[in-house]
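Here's the letter readout for the chains.
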Amino acid sequence: MTPKLIQIIDSHTGGEPTRVVLGSIASDELETYRRAIICEPRGHEVIVGALLGKPVDMSCITSVIFFNNVGRLGMCGHGMIGVVTTLRHMKLIEPGEYRVETPVGIVTTELHEDGRVSVQNVRSYRKAKAVQAGGVTGDVAYGGNWFFLVADHGLELTRANIPQLTQASLAMRDAVRAAGFPEVDHVELFAPPHDPANHSRNFVLCPGGEYDRSPCGTGTSAKLACLAADEKLAAGEVWRQESIIGSVFDGSYENSDGGIIPTITGHAFITAETQLILDPNDPFQFGIGTTTEITAKHRDFQR
Ligand code: PYC
């Protein structure tokens, strides 16, 4: 039997990797190949995949389904910046505006002359304010994915603390789900920025138990929705969100029907261009199975 070949281009946005899959598989085959593309031995659990396809709405340049080690994502801000940067690398686009179809709606992207990319995200909003769960108080908000946003966690947002931040965020996620918000799959912790040029620093727990190296585009969208609802940031004002590794996204918003339309700007860099080989004789051709409790919980939630 001949090996299956999957063309990919890798990039990172603020340190968070994106693996764009170029048409070697169809969307209904994604579940078969998802772990082969993301997980060991070819990848690792931090990667977010982006499967490009033919859009239904022909005003869009492409459709994209984002996916990770445990399933699919609604939207992905750092991933969308990676997708646009990849299309530019492939010489398919030049600086300008491009619409992209995602499972949660169409987003408008802008590739700038200097290589930065802005993503005008789907409508974002705060669902619940000051929810008490797991000994902390936070807001539940939507930014293309669902977030529990917490400031009163009492933890230091430093790289040295990442294991502790991960454990605490997993417990908060369990608690907020049990408190009546089963849709929450990301937790976002906030603290003052390390760089005074920024407004805030965050730590973001992703669905598979990994942390986002970037400031998280959908998480920053959810944060902007909360700031707007609290009248702490005016429409059009720029919010500079710093990640746990110090990378930064600029965010701003316009009002929309009780919620906001956020725009997130960041920069991605291409790191590799290659093809994956799935050898039918390789016992791990579909990736090393992940049987952790986190994965099982996420699968239950997805059902
Ligand atoms: O940038 O929206 C984002 C994101 C979601 C999960 C990882 N990154």
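Residues numbered from 1 in each chain as written. Predicted model: local features only at pLDDT ≥ 70, side-chain atom pairs only at ≥ 80, totals over all residues. Heavy atoms only, no water.

Draft legend 1. Seen up close, the nonpolar core. Judged by nonpolar contacts, the single largest core of 59 residues is most densely connected at Phe66, Val140, Phe148, Leu189 and Phe203. Counting residues per element, this core draws most heavily on helix H3 (residues 162-178), at 6 residues. Both domain 1 (4-116 + 269-302) and domain 2 (125-261) contribute no fewer than three residues apiece to this core. Every residue in contact with phenylalanine 148, bar those within four places of it in the chain, is listed here: Val131, Ala133, Val136, Gly138, Asp139, Val140, Met172, Val176, Val184, His186, Val187 and Glu188. Core analysis: the second largest hydrophobic core is formed by 16 residues, Leu30, Ile37, Phe67 and Leu278 among them. (Core = buried A, V, L, I, M, F, W, Y, C linked by side-chain atoms within 4.5 Å. Buried < 20%, exposed > 50% of the residue type's maximum accessible area, 1.4 Å probe, protein only. Helix = DSSP H or I, 4+ residues; strand = E, 2+ residues; numbered from the N terminus. Domains from an automatic or database assignment. Contact = heavy atoms within 4.5 Å.)

Draft legend 2. Up close: empty space enclosed by the protein. Per the stated rule, a full pass over the model turns up 2 cavities of 30 Å³ or more. Empty space within the largest cavity amounts to approximately 150 Å³. Residue assignment for the lining of the largest cavity shows that the elements contributing at least two residues are helix H2 (77-89) and helix H4 (217-229). A class-by-class count of the residues in the lining of the largest cavity yields 10 nonpolar, 8 polar and 4 charged. Composition of the lining of the largest cavity by domain shows at least three residues from each of domain 1 (4-116 + 269-302) and domain 2 (125-261). (1 Å grid on protein atoms, 1.4 Å probe; cavity = no way out; pocket = protein on both sides within 12 Å on 5 of 7 lines; lining within 4 Å. Points joined across faces, edges and corners; volume = space filled by probe spheres on them. Nonpolar A, V, L, I, M, F, W, Y, C, P; charged D, E, K, R; others polar.)

Draft legend 3. Broad picture of the site of the ligand. Taken together, Cys76, Gly77, His78, His186, Cys206, Asp212, Cys216, Gly217 and Thr218 are the residues near the ligand. For the ligand, an oxygen atom lies 2.8 Å from a polar atom in the backbone of glycine 77. Look at the ligand: alone it shows 250 Å² of surface, and the protein chains cover 99% of it. Among the elements of the structure, H2 and H4 are those that each provide at least two residues to the shell around the ligand. Of the residues assigned to the shell around the ligand, the class counts are 3 nonpolar, 5 polar and 1 charged. Of the residues that make up the shell around the ligand, three or more belong to each of domain 1 (4-116 + 269-302) and domain 2 (125-261). (Near = heavy atom within 4 Å. Polar contact = N/O pair within 3.5 Å; in protein donor to acceptor, adjacent residues only side chain to side chain. Areas by Shrake-Rupley, 256 points an atom, 1.4 Å probe, with all protein chains shown as cover.)

Draft legend 4. Structural context of the pairing of strand S1 (residues 4-13). Pairing between S1 and strand S17 (residues 268-278): 10 bridges, direction antiparallel. Residue pairing in the sheet places isoleucine 9 in a bridge with glutamate 273 of S17. For S1 and strand S2 (residues 16-21), the ladder comprises 6 bridges, and the chain directions are antiparallel. Bridge pairing links threonine 13 to glutamate 16 in S2. The turn joining S1 and S2, which pair antiparallel and follow one another in sequence, is formed by 2 residues; a positive phi near 55° is taken by glycine 14. (Pairing = 2+ DSSP bridges.)

Draft legend 5. View of the pattern of salt bridges. Overall, the coordinates contain 11 salt bridges when judged by the stated rule. Across the salt bridge formed by arginine 126 and aspartate 230, the nearest N and O atoms sit 3.0 Å from each other. Highlighted residues: arginine 126 in strand S9 (residues 125-133) and aspartate 230 in the loop between H4 and strand S14 (239-242), separated in sequence by 104 residues. For aspartate 230, a relative accessible area of 26% corresponds to the partly exposed category. For aspartate 230, the salt bridge is made with lysine 129, and the minimal N-O distance between the two is 3.1 Å. You can see aspartate 230 sitting in the loop between H4 and S14 and its partner lysine 129 sitting in strand S9, a full 101 residues away along the chain. (Salt bridge = Lys/Arg side-chain N within 4 Å of Asp/Glu carboxyl O.)

Draft legend 6. Seen up close, the packing of aromatic side chains. Across all of its chains, the model carries 5 aromatic pairs by this definition. Here tyrosine 125 and tyrosine 142 contribute two aromatic rings whose centre-to-centre distance is 5.6 Å and whose plane-to-plane angle is 40°, an arrangement assigned as tilted. Linking tyrosine 125 in strand S9 with tyrosine 142 in strand S10 (residues 136-142), this pair joins segments that are 17 residues apart in sequence. By relative accessible area, tyrosine 125 is classed as partly exposed at 25%. Here tyrosine 142 falls in the buried class, since its relative accessible area comes to 13%. Geometrically, the ring pair formed by tyrosine 125 and tryptophan 146 is edge-to-face, given 5.8 Å between the ring centres and 90° between the ring planes. Of this pair, tyrosine 125 sits in strand S9 while tryptophan 146 sits in strand S11 (residues 146-150), and the two are 21 residues apart along the sequence. (Phe/Tyr/Trp six-rings, centres within 6.5 Å; stacked < 30°, edge-to-face > 60°.)

Everything listed here is a matter of geometry and, on its own, says nothing about what the molecule does.
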